Amino acid sequence: MKFILTLQICSSLLQTCMPPITIDNVFDSWFSCGSEGYKSAYEINQRLGKEEVNKMKTYVRFHCKKAGIDS
């Protein structure tokens, strides 16, 4: 089974999320998709920076979906 990763940048302060971003990659397992989700969320958090994350109470959510491609 294959999986695709979708990420959203959200603000607890504004109670909104940006439109979802789908990663242009197909993962071979739930584990690899989830691992990339955590890695990407960390990288986004670091890019936004401490000041922006604290100011907007930003967080990243992600989920893995079945891609419909079996091998």
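What counts as what
- Residues numbered from 1 in each chain as written.
- Predicted model: local features only at pLDDT ≥ 70, side-chain atom pairs only at ≥ 80, totals over all residues.
- Heavy atoms only, no water.
- Buried < 20%, exposed > 50% of the residue type's maximum accessible area, 1.4 Å probe, protein only.
- Helix = DSSP H or I, 4+ residues; strand = E, 2+ residues; numbered from the N terminus.
- Pairing = 2+ DSSP bridges.
- Disulfide = S-S within 2.5 Å.

A closer look at the pairing of strand 1 (residues 3-11)
Judged by how many residues are buried, strand 1 sits mostly within the fold: seven of nine residues are covered. As judged from the nine bridges shared by strand 1 and strand 4 (residues 58-66), these two strands associate in the antiparallel manner. Paired with Cys10 across the two strands is Tyr59, which belongs to strand 4. The pairing of strand 1 with strand 3 (residues 21-22) spans two bridges and is classified as antiparallel. Its bridge partner lying in strand 3, Leu7 is registered against Ile21. One ladder, built from two bridges, connects strand 1 with strand 2 (residues 16-17); its direction is antiparallel. Its bridge partner being in strand 2, Ser11 is matched across the sheet by Thr16. Linking strand 1 back to strand 2 in an antiparallel pair, the connection comprises four residues, with Gln15 at a positive phi of about 55°.

Section: the state of the cysteines
Applying the stated criterion across every chain yields a total of two disulfides. A sulfur-sulfur distance of 2.0 Å marks the disulfide that ties Cys10 to Cys17. Residues Cys10 and Cys17 share a disulfide whose torsion about the S-S bond is about 105°; that sign makes it right-handed. Cys10 gets classed as buried once you look at its relative accessible area, which sits at 2%. At a sulfur-sulfur separation of 2.1 Å, the disulfide partner of Cys33 is Cys64. The sign of the -105° torsion about the S-S bond sets the Cys33-Cys64 disulfide as left-handed. Here the residue Cys33 occupies a position in helix 1 (residues 30-56), and Cys64 occupies one in strand 4, the gap between them amounting to 31 residues. An identical accessibility class is assigned to Cys33 and Cys64; each is buried. Taken in sequence order, the bonded cysteines of the protein chain link in the pattern 1-2, 3-4.

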